[in-house]
Amino acid sequence: MPDIRRRLLPLLGHSGGSRDAMTCLYRCGNACDHPVPNETDNPYLGDVVSSAMSRRGLLAAGGAGALVLGLSSTPAIAATPASAAPAPVALKGGKAGPLTFKAIPPNQLDSLIVPNGYDSSVVIRWGDPVVPGAPEFSLGRQTAKAQSLQFGYNNDFVGVIPISDDRALLVVNHEYTNEELMFPGFTSLDALSVEQLKVAMAAHGLSVVEIERVGRSGQWTPVRSKRLRYNRRITALETRFRLTGPAAGTPALRTAADPKGYTVIGTLNNCAGGVTPWGTVLSGEENFNQYFVGGDAVPEADKAKLNRYGISTTARYPSGSRKWERAQERFDLAKHPNEANRFGWIVEVDPFDPDAPPRKHTAMGRFKHEGANVIVARSGHVVAYMGDDERFDYLYKFVSAGKYKKNDRRHNLTLLESGTLYVAQVKGDSPAAEIDGSGKLPSDGAFDGTGKWIKLVSGTTSYVPGMTAAEVLTFTRLAGDKVGATKMDRPEDVQPSLKTGKIYAAMTNNTNRGVGSNPGVDEANPRNTNKHGHIFEITEDNGDHTGLTFTWSLPIVCGDPAAADTYFGGYDKTKVSPISCPDNVAFDSAGNLWISTDGNALGSNDGLFATPIEGPDRGRVKQFLTVPRGAETCGPFITGDDRSVFVAVQHPGEISGATVDKPASTWPDGDYAKPGVVVTWRLDGGPVGS
Ligand code: FEO
Ligand code: CA
Ligand code: CA
Ligand code: CA
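Nothing here was measured: the structure is a model prediction, and the numbers come from that model. Residues take numbers from 1 onward in each chain, read along the sequence in its written order. Starting at A for chains and at 1 for ligands, labels are handed out in the order in which the entities are written. Reporting in this predicted model follows two pLDDT cut-offs: at least 70 for local features of residues, and 80 or more for side-chain atom pairs to be given and counted; totals over whole chains, interfaces and linings ignore these cut-offs and use all residues. Note that water and hydrogens are dropped before the side-chain values are worked out from all heavy atoms of the structure.

Colleague: Can you walk me through the overall build of the chain in this structure?
Modeller: Secondary structure elements follow DSSP: runs of H or I of four or more residues count as helices, runs of E of two or more count as strands, with numbering from the N terminus. Check the secondary structure of the chain and you find nine helices and 32 strands. Here the C-alpha coordinates of the chain stretch approximately 65 × 65 × 60 Å along the principal axes. Out of the 690 residues in the chain, the part that is buried amounts to 66%. Here the analysis covers contacts within the chain between residues at least 6 apart in sequence; of these, 68% occur between residues at least 24 apart. Areas reported as accessible are Shrake-Rupley estimates using a 1.4 Å probe. Residue values count occlusion only from the protein chains shown. If you sum the accessible surface of the chain, you get close to 21900 Å²; carbon and sulfur atoms cover 52% of it. By the counting rule applied here, Lys and Arg register as positive and Asp and Glu as negative, while His and the ends of each chain are not counted. Positions of charges follow a simple convention, taking NZ of Lys, CZ of Arg, CG of Asp or CD of Glu. Separation of charge centres in the chain, based on 72 positive and 75 negative side chains, amounts to 4 Å. Buried, partly exposed and exposed residues are distinguished by accessible area as a fraction of the type maximum, computed with a 1.4 Å probe on protein chains only: under 20%, between the cut-offs, and over 50%, respectively. Contact definition: two residues touch when any of their heavy atoms are within 4.5 Å.

Colleague: Can you walk me through the sheet that holds strand β32 (residues 676-682) in this structure?
Modeller: Through backbone hydrogen bonds, the strands of a sheet pair up, either in parallel or in antiparallel fashion. In short, DSSP must find at least two bridges between two strands for them to pair. With antiparallel pairing, four strands are arranged side by side in an open sheet as β1-β32-β31-β30. Two strands in the sheet have a free side with no partner beyond their single neighbour: β1 (118-125) and β30 (632-638). Neighbouring strand axes in the sheet, compared pairwise and without regard to direction, differ in orientation by 25° on average. The sheet contact formed by strand β31 (residues 644-650) and β32 spans six bridges and is antiparallel. Residue pairing in the sheet places Val645 in a bridge with Thr680 of β32. Here the axes come from fitting lines to C-alpha atoms, over the contacting stretch only for helices, and the angles between their N-to-C directions go from 0 to 180 degrees.

Colleague: So what exactly am I meant to see when it comes to the coordination of the calcium ion (ligand 4) here?
Modeller: Tetrahedral coordination by four donors puts the ideal angle at the metal at 109.5 degrees, and octahedral coordination by six puts it at 90 or 180 degrees. The protein atoms donating to the calcium ion (ligand 4) are Asp493 (OD), Gln495 (OE1) and Val585 (O), with metal-donor distances spanning 2.2 to 2.3 Å. Donor selection uses N, O and S atoms within 2.8 Å of the metal (3.2 Å for Na, K and Ca). Since no water is included, sites may look incomplete. Site description for the calcium ion (ligand 4): donor spacing in sequence, D-x1-Q-x89-V. You'll find Asp493 and Gln495 in the same group, each marked buried.

Colleague: What am I meant to see in the coordination of the calcium ion (ligand 3) here?
Modeller: For the calcium ion (ligand 3), every protein donor is listed as Cys271 (SG), Glu370 (OE), Glu492 (OE), Asp583 (OD) and Asp583 (OD), and the spread of their distances is 2.4 to 3.0 Å. Geometry is assigned from donor-metal-donor angles: four donors are tetrahedral when every angle falls between 85 and 135 degrees, four are square planar and six octahedral when opposite donors sit over 155 degrees apart with all other angles between 65 and 115, and any other arrangement is irregular. Coordination at the calcium ion (ligand 3) is irregular, judged from the six donor atoms that bind it and the angles of 47 to 160° they form at the metal. Sequence positions of the donors to the calcium ion (ligand 3) reduce to the motif C-x98-E-x121-E-x90-D. With Cys271 in strand β9 (residues 270-275) and Glu492 in strand β21 (residues 491-496), this pair connects stretches of sequence that are 221 residues apart. On the basis of relative accessibility, which here comes to 1%, the residue Glu492 falls in the buried class.

Colleague: It is not clear to me how the packing of aromatic side chains should be interpreted in this structure. Could you clarify?
Modeller: In this description, a pair of aromatic rings is defined by centroid distance and the angle of the planes. Any Phe, Tyr or Trp ring, taking Trp's six-membered ring, that has another such ring centre within 6.5 Å forms a pair; planes under 30 degrees apart are called stacked, those over 60 apart edge-to-face, and the others tilted. Within the structure shown, the criterion is met by 18 aromatic pairs. Here a set of aromatic residues connected by ring pairs shows up, and it is made of Tyr291, Phe292, Trp324, Phe331 and Phe343. Here, over-ring charges are defined by two tests on the NZ atom of lysine or the CZ atom of arginine: distance to the ring centre within 6 Å, and angle to the ring normal within 35 degrees. Its end group placed over the ring of Tyr422, Lys397 keeps NZ or CZ at 5.8 Å from the ring centre. The cationic tip of Lys674 hangs over the ring face of Tyr672; the distance from NZ or CZ to the ring centre is 4.2 Å.

Colleague: Looking at this model, I keep getting lost on the side chain of Asn341. Mind explaining?
Modeller: Among the secondary structure elements, Asn341 is positioned in the loop between α6 (303-308) and β11 (346-349). In this structure, Asn341 is in contact with Ala252, Leu253, Arg366, Thr474 and Phe475, ignoring residues within four places of it in sequence.

Colleague: What's the story with the confidence of the model for the chain in this structure? I'm lost.
Modeller: One rule of thumb: low pLDDT means the predicted coordinates there are not for detailed reading. Values of pLDDT, which run from 0 to 100, indicate the predictor's confidence residue by residue. Residues at a pLDDT of 70 or more form 90% of the chain, whose mean pLDDT is 90. For the chain, per-element mean pLDDT is lowest for helix α3 (residues 56-60), which scores 26, and highest for strand β12 (residues 359-361), which scores 99. This model gives residues 1-16 a pLDDT under 50, and the stretch forms 29 contacts once residues within four places in sequence are excluded. Taken as a whole, residues 43-85 scores under 50 in pLDDT and shows 123 contacts with residues more than four places along the chain or in a different chain.

Colleague: What exactly am I supposed to notice about the nonpolar core here?
Modeller: For soluble globular proteins, nonpolar side chains are generally found buried alongside one another. In this structure, Leu170, Phe292 and Phe646 are the most contacted members of the largest nonpolar core, which totals 114 residues. With six residues, the single largest contributor to this core is helix α5 (residues 194-203). Membership of the second largest hydrophobic core comes to 27 residues, among which are Val399, Met488, Val494 and Met507. Think of a nonpolar core as a cluster: buried Ala, Val, Leu, Ile, Met, Phe, Trp, Tyr and Cys residues, connected wherever their side-chain atoms sit within 4.5 Å.

Colleague: Help me out: how do you make sense of the environment of Glu325 in this one?
Modeller: Among the secondary structure elements, Glu325 is positioned in the loop between α6 and β11. Here Glu325 falls in the buried class, since its relative accessible area comes to 13%. Separated by 131 residues in the primary sequence, Glu325 and Val194 have C-alpha atoms spaced 9.7 Å apart. Excluding its chain neighbours within four sequence positions, the residues that come into contact with Glu325 are Val293, Tyr317, Phe331 and Asp332.

Colleague: What's the story with the sheet that holds β9 in this structure? I'm lost.
Modeller: The strand order across the open sheet formed by six strands is β8-β7-β12-β11-β10-β9, and the pairing between neighbours is mixed. A single partner strand is all that each edge strand has here, and the edge strands are β8 (263-265) and β9. Between one strand and the next, the sheet's axes are offset by a mean angle of 30°, whatever the strand orientation. In this sheet, β12 lies alongside β11 in antiparallel orientation, the contact comprising three bridges. Bridged to Glu348 within β12 is Arg359.

What follows is the structure, encoded as structure tokens:
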């Protein structure tokens, strides 16, 4: 624990998780201190799963399981845009191999630390110009107009879409804001001016920034020019979004300002995401609940639905409220009860078309979306894997109705507007008595088992009794409850490996597992008071991403390697790095798994780790970098040529008691903390990690 945090801790009134109290307030509206929104008693180890489920798929799956479109976490993009040029391209290369870098130790430094032989630089930070004409950043004199042209706050997802070997579009989410760390003289959210509230709204959303390679290195920097055709800010304040799919235009999505139910202003709490093979970015709207007040005054029939999404219906001002209703009345549900239904979607942004409204795809369901990552199945259908980041919530997949067409970008842009949505139900293969909550492996030597994808809706047909298709898509959590989906330990980023077709999901943690009346352990979530989280690996049966059944295992059960309750793929635990609270995952072209963390419960700063996930070194986790004090490591993104690793340093200095006047971190410029995107590269120009 950083010294400053230890000193400040007595001042805090919290907290249920491993995160600082300030993080809990601003990022998720103190979710840990609220009742678990999933109070259903649907089985958390699906007893209704078919016992005849086959394990053949485990062997059959693999590289043949999908059209492998690329050599890395950057899906290779061969499609030609229908209109815009230049086209997205794939970077040449893909030279990663075994992970030979020397792991860095856990630390509490107020710096970004990388291994020997590597360098790093800040690509862009909060307040830097994005849109041509953006004014110089001025702390204390921020305006919503200026912030709408500048890089937003708390960068999370990072996507890099090359347009040539040395130019790319950097697309970044801005999940939330830390007003204490943004406004000098801050006293309370209630004391903020309406203009300051609008600054915060403009600091949310996404940025699109054209970047260029520095020389022939792996370093990248923003293109400085007065003519930047792609640079764009998308905000919560005023960007217009188009709703697509079966729930668009239905009554629950209509408001006074949008009586037809097709146009939403803004996007909220955009967490992780993914890059599609056609060069767009998917972004998850996550903890949108904390932006709304007035839940106590909505029609009685709506209350259960709001509760299931974590919106209080007994108090006008649930804790964590951002006070945005003072700037825009729509955030008061007493006046506009449907406004909250217009958030919690997967957003698709086409960075090549800066004039196109971003879209919210109702066909992909509504929950606290962490993100979405797609793979093209053998059949050509596009399959998106998604997590609902809440304790005891669910894993989902979406299969497009249409098929990917390599040279038809206009067509591919429609693929996520219609399809079939499934929720996961999993079952362990070891006797329940052997899963005792301690993390001790069962006698078969693995936390593993089988699972099935339960169909919720296909096109406009509902498969959930008592709910229409539009209801299933708008209140997807309730649909998952009804069909007995498996309650997981906070499913965060879920991403298929383009190398093997296997899917990796980060279960961040769940300190409520097995506590009080909360659900107990199961083989997929095998530790009580799960402080450190685990990685969940899915292998679709027969390698078919459109299929209904899969096998699963836990390759990594995180924590202190010296502790008995951790597991590192069977690798020698004396030779691995401690890792806690996995959040985002990515792959290099060799298929190594890269994992970033959020809320390290072992006392070190958060970091980025890499591990082989196949072969004898499976589970040999090594720490690649750490972020400064109070920060979380987001992104990460490895470019298709394996020469650059991007990470987002989110909420540096987010330590309770800190302010912009009295910062707990001075990263990156030595004055006060600023979230920023960092690129790391090997000094000799070689592939990162190798
Ligand atoms: Fe925004 Fe699920 O972390
Ligand atoms: Ca087992
Ligand atoms: Ca996250
Ligand atoms: Ca990812």
